[in-house]
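# What the coordinates show
Letter by letter, the chains look like this.
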Amino acid sequence: MNSSEPNKSDDLLVADAKSDNASSSNLLNHSSRKIVVYNIDKFLKPKPLSNLLTKWIDACKEQKDIVIKVSKSKKPPNNGWVVITLDEENMVEPFMDTINHGNYKNKKGYAIVAQRPKDGTEEEDGEDHGKKRSNVNMNDNSRAAKRLRRDPVECVKTQDEVRDKLTPYWKMTYEEQLDTKTKMMVNKCFQRIIGEIKKKFQVLQREMKRGNGGQKAIDPLYKWAKRKNAINMSPILGAPKRVKYRNKCELTFGYRHNYELDENGMPKLDESAAQSASVDGGSEEGHNAGAPKYIIIKTPAVGFMAGGWAGGVSDPHCLANIPDVVCGVADVLNEFLKTSPIPPYNAMNHRGVWRSVTIRSSERTKQCMVIIMHAPPSGGAGKREDGSDDYSEHFEGEKQRLIQMLTESHLPKPMRSYPGHEQHMELDESSENKVTSLFFQEFEGLSNPPPQHPVQHLFGKKCIEEKLLQCEFQISPGAFFQVTTEGAEQLYKVVVEKVKEVTQNPKDTLLFDVCCGTGTIGITCMKEGAVGKVIGIDVSEPAIKDAIENAERNGYSGSDDVTRFVASRAELVMQSETQNVDSNTPMVAVVDPARDGLHQDVIKSLRNQSSLQRIVYVSCNPTGSLIKDATLLCTPCTKKYRGLPFKITSAQPVDMFPLTDHCEMVMVFDRMSQQECDGIEQDDVQNDPDSVNK
């Protein structure tokens, strides 16, 4: 490829070099005898680089009869470019021409390009002239810097690629899925928890030696943590429903990508892109360089962002875990968007209106809630000053048209395309699907609204109902509820069983339901006779309102002092709520936090509540936040965590999300005795009665 003439890609390559650290930038000065050669292999060693220079010098002598003399060459480590200083300025142009027309390529097949250093920027000559540089330019190798300087390559995602991204286990048998998840729990959860606990002991030992001159006794590592299989795991529980199991889905408004086809049904090549295609640096962000570009047609649509904005939105119809009702709503919205003058929201520039749609449904009660989030009709956060993004005059009319399309009749029967969908025709109840609740939600922010962000009720009921075991629950738009009903029943049965194991007198036992959502776990435990009282805490006000209503629905009124639900961050009220409980009240806690896990102050309150002997931890992130929380619950006593630590007595993985790599974990933590903390197990006490007095 002839790259002797600078183009846009060359500018990008120089920009790559610009943002290296100051020591590297000093190499790129305005010297007329220097050239910069790009697309050198990043990890090229000095000897191969010397051989490459010799090859270019010999080629220049042979082709142009010019003897090139190199004064100095410098290649910064882990960078795909080299600075070469020649003896004389008149050598520069011939040498560059030899390189650029010599068809030299790196190991990845990208053309090697030579250019003069650019003038006029302080980054190139290494002089900042008192100007503060951005963090991105100071550390060009960071992932953030690469994302900022990389233009996304638009593409068309195939259905298999969508499935690979959103349901990565779709090619496995269900037995293989369960086996994979079991190994993941052992290797990425249990082993890491035990490893972190051991690290805590090592840190404690070092601190005690420094602070006490090595004279004070050091707490021994717990005996239970020394065992080969320190955490007792029960066999994973398979999902009772393996297809169409989700009761909540969120789709994004955007553009569906399809190739424009020629007369033979083949994708049309984008000639303009091919002509302007330029040389990419030999770095990872250039992995698509040289690939043919095809013309992409963009159609307004809703779907999943399987490949980011560059891949457009993909229909949910090809995913086996998505129910028909979601696909039916998507079909209606896609039909609406065909003629709507209002465009989807673009999160890159924050323009447009239609943002996302959340669909909550119940197969048991035949109800469906739709929440459509949109930016202000006058324009999003990035609206233009000329008012061209103002769709106020169209919005009310389009809203009424959309309400009518969604509610005037049953949802259409979607055409499913996931593998094996023919075998699941008996599960198709799409003819009965109908929108029973419709909300709009205006949001101008750049990310996602908080759960308590207001919604506008436009049609039908203000909530939907769901039946779960012996209970019936209402779910409002912003409330949390398990996204698979059948899986939640199986999960809650495990929780109830673990709570019952330690409740000798259930009627007098208090259950702390931390991160309670709509109160489902606590109310279920009461209904199943595991406990007699519940205190639930959750940050979401809509969820707490639902929890209070759900308690009354199932026969428990707040006035009879049986249930109490608090809308607050758990770390703010946990300590005060535990202090208000009589010390003689038997207590058990169930925690079901979000993916980020528990706040440290919540763990502190749980540790310091001496009457709390068992914690049943329901984790949706067992390979992440559970590791941190389990370590803090089991760590030796410190100034912050004064209460006796807990030990892990059982772990029950529950597969609620077939076809994906997600798995729920019910882990039980029981309070350790002082003897166990001292390294004395119960068997030791029985064999040596005198040890009781130690």
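Above this text is the structure in question.
Report on the accompanying structure. Everything numeric in this text was worked out from a predicted model, so none of it was measured.

Definitions and cut-offs
Residues numbered from 1 in each chain as written. Predicted model: local features only at pLDDT ≥ 70, side-chain atom pairs only at ≥ 80, totals over all residues. Heavy atoms only, no water. Helix = DSSP H or I, 4+ residues; strand = E, 2+ residues; numbered from the N terminus. Buried < 20%, exposed > 50% of the residue type's maximum accessible area, 1.4 Å probe, protein only. Contact = heavy atoms within 4.5 Å. Areas by Shrake-Rupley, 256 points an atom, 1.4 Å probe, with all protein chains shown as cover. Salt bridge = Lys/Arg side-chain N within 4 Å of Asp/Glu carboxyl O. Pairing = 2+ DSSP bridges. Phe/Tyr/Trp six-rings, centres within 6.5 Å; stacked < 30°, edge-to-face > 60°.

### Quick word on the overall build of the protein
Broken down by element type, the protein carries 21 helices and 19 strands. Per-residue burial for the protein yields a buried fraction of 50% across its 694 residues. Contacts in the protein between residues at least 24 apart in sequence constitute 73% of all its contacts with a sequence separation of at least 6. With an accessible surface of roughly 33,600 Å², the protein has 47% of that area assigned to carbon and sulfur atoms.

### Focus: the pattern of salt bridges
Note that side chains of opposite charge can pair when their charged atoms are close. A complete count under the given rule lists 26 salt bridges for this structure. Residues R256 and D315 are paired through a salt bridge, measuring 3.3 Å at the closest nitrogen-oxygen approach. Residue R256 is located in strand β5 (residues 248-259), and its partner D315 is located in the loop between β6 (296-303) and α12 (324-339); the two are separated by 59 residues in the primary sequence. Of the charged contacts in the structure, one is a salt bridge between K338 and E335, with a shortest N-O distance of 3.3 Å. Within this pair, K338 and its partner E335 are both found in helix α12, separated by three residues, close to a single helical turn. Within the structure, one salt-bridge network assembled from shared partners comprises K461, E465, E472, E549 and R553.

### Description of the pairing of strand β11 (residues 464-468)
With four of its five residues buried, β11 lies for the most part within the structure. Examined bridge by bridge, β11 and strand β12 (residues 471-475) share five bridges and lie antiparallel to one another. Across the sheet, residue K467 finds its bridge partner in β12, namely E472. Two successive antiparallel strands, β11 and β12, enclose a turn made up of two residues, where L469 displays a positive phi of approximately 55°.

### With respect to the packing of aromatic side chains
Aromatic rings in a pair are described by how distant their centres are and how their planes are angled relative to each other. Under the criterion given, the structure shown has 11 aromatic pairs. Between W56 and Y104, the aromatic rings sit 6.1 Å apart at their centres with planes inclined by 65°, giving edge-to-face as the arrangement. With W56 in helix α3 (residues 46-64) and Y104 in the loop between α4 (92-100) and β4 (113-115), this pair connects stretches of sequence that are 48 residues apart. Of the two residues examined, W56 and Y104, each falls in the buried class. Taken together, a centroid distance of 5.7 Å and an interplanar angle of 75° make the contact between F336 and W354 edge-to-face.

Spatial relationships are all this shows, so hold off on functional conclusions.
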